[in-house]
Amino acid sequence: MADVLQSFVQSSLSKGMPQGELEQTLIKAGWPKDIVLKYLHKGTEPITPSKNAQIRMQGISKTFDGKKVLDNVNLEIVQGEIFGIIGQSGSGKTTLLQMIAGLVQPDRGDVVAFLPAGPQSVRQSPEAMRSFMGYAAQQPSLYPDLTVEENLMHFGQAFGLSERAARQKAASLLKLVGLADTRSVRASNLSGGMQKRLDIACALVHDPKLLLMDEPVADLDVVLRTHLWDVLRAINKQGTTIIIASHFLADLESFCDRIGIMRNGRVAETGTPDELRVIYSRNQEVKVELGSRAYDDLVTFLKRQQNLEIAKTIKELGTIKIQTGQPTATLEAVLQFSKQRKDTLLHLEVGRPSVRELFEELFT
Amino acid sequence: MKPLLILAKNHVRTLLRSRATVLTVLAVPLALLLIAGFVFDTSSLHRVRVGVWSSSASELSESIISTIQQEGVTIHQYNTQDECVDAVKQGDQHACLAFIGTFARGASNTLHLYVDPSRTSLMHPLLQALESALAIRADEVGKDLATTVVSALQKIRDTVELRKGAVITLTTSINGAGHSVGQLATAITPANTTLDATIASDIDLAGTQHTQQVEELLNATTELAEDLQDQLEAVDFAINSSTLSNTSKQSLRAQVANATVLAEDLLDEANITTSDLTVVNLTGKIDSLVAKLATTKASIDAIAAVQGSLAANLHAIKSKLDASLLTIAELQKAFNDITAALESVTVTDPDAIAAPVKTVIMPVTSETNYRTYAFPFLMVIVLLFSGLLVPPLLMISEQSSPAALRAALLPIKPIVKLQAFFLASIAILGAQSLLMLIVAGLFLQVWAGLLPALIVLLVVSAVVILIGMLIGMLVSRELLAVLTSIILGVIMLVLSDFIIPLDTLPRWFSVLAQLNPAVIGGEAIRTSLLFGDWGSLLSVGALIIVGGVLAVIILVLGHAIPQLRKR
C-alpha cells in the first residue's frame with residue numbers, strides 16, 4: 001500500500017502536478033487524509049524552535065547535478081540527545097550530516113549551531129563549528145601512512161591540543177576503542193573494523209560537543225558494535241549531542257532518543273522509536289514460537305481465515321512474526337491451529353513492529 | 001605547536017613515510033650530484049668519433065689528423081667525402097673533416113667540417129677539440145710561412161745595406177773620375193802655346209838692348225817648352241783615359257812623343273849660356289831656335305788639334321759619367337726607400353706575424369671540467385622539477401587522501417593550509433638544496449659560495465614552489481598535475497641558458513625568457529656557488545617580485561576555490 005502511494009506521489013510530483021491538487025486527488029481516491037498529508041508535507045512544515053536546540057536546520061534545500069537531494073528540510077536537534085537518521089540510500093542522510101558539518105553549503109536555508117558562544121550560522125562560521133563537533137564519515141578518514149597514534153596525535157594537535165595532551169588523549173581513546181595494542185601500526189595495515197574505530201577515536205580526539213556519525217558501526221562485528229554503542233552512550237552521558245545516520249535500525253531503535261526518517265530529500269518523520277511505531281504501523285505484530293515449527297502450515301491456516309488482515313509474515317530465528325490489523329482474531333486463530341495440530345505453543349507475544357520492520361514496510 | 005607547523009610537519013612526514021618518495025626526493029638528487037661529481041671529472045673525448053676524408057694526403061693534413069688524435073678523438077678515414085658526410089648523418093661519426101685540395105703548406109687550404117647540430121651537447125667539446133687542433137696546426141704553418149718571409153726580408157735588407165756601400169763608393173769613384181776628366185779636359189785645352197817668331201827677328205843684335213831681348217826670348221822659349229811638356233803629359237794622360245781606339249791612341253802617342261822630343265830640344269835650345277851670348281853664336285842660336293820654334297809650332301798645332309779632339313772626347317765621357325751618377329743616385333734613392341720600407345716593418349717575430357692575436361682561454365674557476373657547468377645546471381633541474389611536482393602532489397594527495405574529509409574539518413583557515421603546503425615544500429626543497437650544495441662543495445671546493453648559493457636556491461625554490469602550488473590549485477587530478485608540471489618544467493628548461501644561449505636568440509624572445517626562474521636562478525646559483533658572489537642575491541630580486549605576484553594569486557585562488565568547491 002505504501003509502495004503504491006509513494007510511487008504515485010513521486011510520479012505525479014515529477015510530472016508537475018501541484019501539491020494541493022495531488023492531495024485532493026488522493027483523498028478522493030479513498031486514501032486516509034492523515035497518510036496523504038504525511039506523504040505530501042511531512043518534514044517541510046516550519047518547526048517550532050525549542051530553547052535547548054543544538055542544531056536547527058531551516059528550509060534547507062540542496063541540488064546536485066539537477067537532482068534535488070534535500071528539499072526544504074526543517075529539523076532541530078536538541079542538546080544532549082542521540083538523534084538517528086534513517087532512510088534509503090540516496091535519501092540525503094550523508095548530505096544532511098555534511099551540511100551540519102559545513103562541508104556542503106545549502107542552496108537555500110541555513111544551518112544554525114547553538115554553540116557556547118551563541119548561535120552561529122555554519123555557513124558563516126565554519127571554523128567555530130568544526131572546533132565544536134566531531135565527524136566520523138562512512139569511510140574512515142585517516143592518513144594511511146601514519147600510525148594509529150600519529151593519526152590521533154596529528155588531529156589532536158591540529159585541534160589545538162598540546163603534544164602532551166594529544167598523546168594522553170590518544171592513549172585514552174585508543175583504550176576506549178580497543179586499539180591500545182596497535183598504536184604503532186600504520187592505519188593502512190588495520191582491518192576495516194579497526195580503521196572504523198580509529199576514525200571514531202579521531203572524531204572524538206578534541207572532545208566535541210556535537211558528534212556526527214555516518215554509519216559508525218558498519219564493518220563492525222556484533223561485539224564491537226555493542227561496545228561502540230556503549231562508548232557512545234557514555235560519551236552522550238557527558239553531554240555530547242550525537243547525530244547518527246545508520247542502516248542498523250535495530251541498534252538505532254534501542255540507542256537513539258529520537259529518529260528522523262528521510263525520504264525523497266525530506267525528513268518525513270521525526271520522533272522517538274515508539275512514536276514512529278505508533279505513527280507508521282497500523283498493524284500489530286504477533287510473535288509465535290511453535291514446538292513443531294510448522295510455520296508454513298500456520299500461515300496457510302491463517303490465510304484461510306476470514307478478516308484476519310494479515311499484512312506480512314516473517315520467519316526469524318525459530319519464530320514467526322505475523323503483522324496483522326486484527327491481532328485478537330489472529331491470536332485466536334493461532335491458538336486454534338496449535339490446538340488442532342496438538343502442537344506445543346512455546347511463545348506467544350503481541351506488540352508493535354520494530355523500526356526496522358517499519359522501515360521495510362515504508363520503503364520496500 | 002602552531003597549526004601551520006603541525007600541518008607542514010604532517011605533509012613532510014606523510015611524504016617521506018614512503019621509501020620510494022624518500023628515494024625520489026632526497027636520494028635521487030644526491031645520487032645525481034655524486035654521479036656528476038665523479039663522472040664529470042674530465043672532459044675526455046675518447047668516445048668522440050670523427051670521420052676524415054682527404055682529397056690528397058699531405059704532410060699538413062696528416063699532421064692535423066695526428067693532432068686531433070692526440071686530443072683523444074677516434075679517427076676513421078673515408079674514401080669519399082659523401083661517405084664521410086653520410087656517416088655523420090647516420091650517427092656513425094660525430095663529425096666529418098674534409099681536406100679540400102692539395103692541403104699543402106703555402107697553398108690556400110680549405111677545411112670543411114661537417115657537424116650534426118642536432119647533437120647539441122656534443123657540438124661544444126667536439127668543436128673545441130677540433131678548433132684547438134686546427135688552430136695549433138694553422139699557427140704552426142703560419143709561423144713557418146712568416147719565418148720564411150721575415151728571413152727573406154732580412155736578407156734583402158742586409159743585401160741592400162751591403163750594396164748601398166758599393167753604390168756610394170761607385171758614386172764617389174764616378175764623381176772623382178768625372179772631376180778628373182773635367183780637370184783633364186780643362187788641362188788639355190789648347191793653351192796659348194804659340195810663340196811669336198818675329199821676336200827673334202826683332203832682336204837688334206847691334207843694339208844695346210839685344211841681350212835683354214835675347215834673355216826674354218830664351219825665357220819665353222823655356223816657358224813655352226815647359227808648358228808644352230806639361231800639356232804633352234796631360235795629353236798623354238788624356239789619350240790613355242780616352243775612349244779612342246788603340247790605333248788612334250798609338251798614333252796620338254807617337255805625335256805626343258815627337259812633340260815631347262821637340263819640347264825637350266826646344267828646352268835645350270833655350271838653354272844658352274852667357275858665353276853663347278855673343279853676336280856670332282847668338283845669331284846662329286837664334287836662327288836655330290827660330291827654326292825649332294817653327295817646327296815646334298807645327299807640332300804644337302798638330303797637338304792642339306789632338307787636344308781639341310781629346311777634350312771633346314773627355315767631355316763626352318764626363319757627360320756619360322754625370323748621367324751614370326744620376327742613375328746611381330736614383331738607385332741609391334731606391335735602396336734608401338727599400339731600407340726605409342724594411343725598417344718600417346717593426347714586427348719581425350714570425351710568431352707575432354702568424355698569430356698577431358692569441359686567444360688563450362683562461363678559466364675563472366679552479367675547475368676546468370664539466371662540473372662547474374653541470375652542478376649549477378643539475379641543481380636548477382632538480383629544484384625546478386621538485387618545485388613544480390612536490391607542491392601539487394602534496395596538495396592533490398592531501399585532497400585525495402582518505403584523511404581529506406577529516407583534514408577539511410580541521411578548524412584551520414584555508415590560507416594556513418596553503419602556507420603549510422608551501423612550508424612543507426620549501427623544507428623538502430631546502431633539504432635537497434643543502435644536500436646538493438654539500439656535494440658541490442666537496443667536489444668544487446667552493447665553501448665560500450655555499451651560503452649565498454643556499455639563499456639563492458631557497459629563493460628559486462620558493463618561486464618554483466609557488467608555481468607548483470598554482471598547478472596544484474588549478475588541477476585536481478594527480479596525473480594531469482604531474483603532466484602539467486613536467487611540461488612546464490621542460491618549457492622552462494628549454495627557455496633557459498642551459499641548452500641554448502639566450503643571448504643568441506631574438507631579442508624579444510631573450511627578454512621574455514629572462515623572466516624564467518630557471519634563467520635567473522641558474523645564473524645566480526652559478527655566480528654565487530662558483531665565486532661566492534653575494535651580489536648574485538640582488539639578481540634574484542626579480543624572482544622575489546615574481547614570487548610575490550604568484551603568492552597574491554595563490555591567496556586569491558586559495559580563498560575562492562574552497563568556496564567554489566563547497567558549492
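Everything numeric here is computed off the predicted structure, so don't read it as measured data.

Could you clarify how one ought to interpret the sheet that holds strand β2 (residues 67–78) of chain A in this entry?
Picture the strands of a sheet paired through backbone hydrogen bonds; they go either parallel or antiparallel. All names here are of chain A. Read from one edge to the other, the open sheet built from four strands follows the order β2-β1-β4-β5, with strand pairing classed as antiparallel. Edge positions in the open sheet fall to β2 and β5 (118–121), since each of these has one partner strand only. Neighbour-to-neighbour, the strand axes of this sheet turn through a mean angle of 20°, independent of strand direction. Pairing of strand β1 (residues 53–64) with β2 involves eight bridges; the strand directions are antiparallel.

How should I be thinking about helix α17 (residues 517–531) of chain B in this particular structure?
Note: α-helices contain 3.6 residues per turn, so residues at a spacing of three or four share the same orientation. Residue and element names in this part refer to chain B. Here α17 spans 20 Å end to end across 15 residues, near enough to the 21 Å set by a 1.5 Å rise per residue. Counting buried residues in α17 gives twelve out of 15 residues, a clear majority hidden from the surface. Here α17 has its buried residues at P517, A518, V519, I520, G521, G522, A524, I525, T527, S528, L529 and L530. At the exit of α17 stands G532, carrying a positive phi of roughly 60°.

What exactly am I supposed to notice about the nonpolar core here?
Side chains of nonpolar character tend, in soluble globular proteins, to be buried together. With 120 residues, the main nonpolar core has L152, L198, L232 and I244 of chain A together with L529 of chain B as its most contacted residues. Every residue in contact with L529 of chain B, bar those within four places of it in the chain, is listed here: M379, L437, A440, L444, V446, G449, L450 and A453 of chain B.

I would appreciate a short explanation of the interface of chain A and chain B in the present structure.
Interface size is often expressed as the accessible area that is lost when the parts come together. Opposite the 32 residues of chain A that make contact, chain B presents 23 residues. In total, about 2,600 Å² of surface goes out of reach between chain A and chain B, with carbon and sulfur atoms giving 58% of it. The shortest N-O distance in the salt bridge between D199 of chain A and R406 of chain B comes to 2.6 Å. There are twelve residue pairs in polar contact (both at pLDDT 80 or more) connecting chain A and chain B.

I would appreciate a short explanation of the sheet that holds strand β10 (residues 266–271) of chain A in the present structure.
All names here are of chain A. Spatial strand order, β6-β7-β8-β3-β9-β10: six strands in an open sheet with mixed pairing. The open sheet has two free edges, formed respectively by β6 (133–136) and β10, since each of these has just one partner strand. The mean angle between the axes of side-by-side strands here comes to 15°, regardless of whether they run parallel or antiparallel. Two elements, strand β3 (residues 82–87) and strand β9 (residues 258–263), share five bridges in a ladder whose sense is parallel. Within β9, the position partnered with I85 by the bridge is G260. Each of β6 and β7 (210–214) touches helix α8 (residues 192–204); the most contacted strand, β6, lies at about 165° to it.

Sorry, what's going on with the packing of helix α1 (residues 3–17) of chain B against helix α13 (residues 414–444) of chain B here?
Each pair of packed helices gets described by two things: the angle between the helix axes and the distance between those axes. All names here are of chain B. Axis separation between α1 and α13 bottoms out at 8 Å; the angle between their running directions is 50°. With respect to their mutual orientation, α1 and α13 come out oblique. When the axes of α1 and α13 are compared, the crossing they make is right-handed. Along the contact surface, α1 presents P3, L4, L5, L7, A8, H11, V12 and L15, while α13 presents V416, K417, Q419, A420, F421, L423, A424, A427 and I428. Taken together, the residues of the contact of α1 with α13 sort by class into 14 nonpolar, two polar and one charged.

Which parts of the structure should I look at to understand a nonpolar patch on the surface?
Taken together, the side chains of I486, V490, V494, I499 and I500 of chain B make up a nonpolar region of the molecular surface, amounting to roughly 370 Å² of accessible area. Residue placement: I500 of chain B occurs in the loop between α15 (478–494) and α16 (507–513).

For this particular structure, what's the right way to read helix α8 (residues 246–270) of chain B?
With 25 residues, α8 of chain B should reach 36 Å at 1.5 Å per residue; the first-to-last C-alpha distance of 35 Å fits that figure. Every buried residue of α8 of chain B is listed here: K249, L252, V256, A259, L262, A263, L266, E269 and A270 of chain B.

Could you clarify how one ought to interpret the state of the cysteines in this entry?
Think of a disulfide as a covalent bridge from one cysteine sulfur atom to another cysteine sulfur atom. All names here are of chain B. Summed over the entire model, instances satisfying the criterion amount to one disulfide over all chains. Residue pairing for C84: its cysteine sulfur links by disulfide to C96, the two sulfurs lying 1.9 Å apart. Across the S-S bond linking C84 and C96, the dihedral sits near 125°, which makes this disulfide right-handed. In this pair, C84 is assigned in helix α4 (residues 81–89) and C96 in strand β3 (residues 95–100), connecting sequence segments twelve residues apart. Looking at C84, the relative accessible area reads 0%, which means it is buried. Taking the relative accessible area as the measure of exposure, C96 reaches 0% and is therefore buried.

What counts and what doesn't
Residues numbered from 1 in each chain as written. Chains lettered and ligands numbered in written order. Predicted model: local features only at pLDDT ≥ 70, side-chain atom pairs only at ≥ 80, totals over all residues. Heavy atoms only, no water. Pairing = 2+ DSSP bridges. Helix = DSSP H or I, 4+ residues; strand = E, 2+ residues; numbered from the N terminus. Axes fitted to C-alpha atoms, helices over the stretch in contact; angles between N-to-C directions. Expected span 1.5 Å × (residues − 1). Buried < 20%, exposed > 50% of the residue type's maximum accessible area, 1.4 Å probe, protein only. Core = buried A, V, L, I, M, F, W, Y, C linked by side-chain atoms within 4.5 Å. Contact = heavy atoms within 4.5 Å. Buried area = accessible area lost by both parts, 1.4 Å probe. Salt bridge = Lys/Arg side-chain N within 4 Å of Asp/Glu carboxyl O. Polar contact = N/O pair within 3.5 Å; in protein donor to acceptor, adjacent residues only side chain to side chain. Parallel < 35°, antiparallel > 145°, perpendicular 65-115°, else oblique. Left-handed = near helix turned anticlockwise from the far one by under 90°. Nonpolar A, V, L, I, M, F, W, Y, C, P; charged D, E, K, R; others polar. Patch = residues over 30% accessible without salt bridge, like charges linked within 9 Å, V, L, I, M, F, W, Y side chains within 5 Å. Areas by Shrake-Rupley, 256 points an atom, 1.4 Å probe, with all protein chains shown as cover. Disulfide = S-S within 2.5 Å.

Interpretation in functional terms is not warranted from these geometric data alone.
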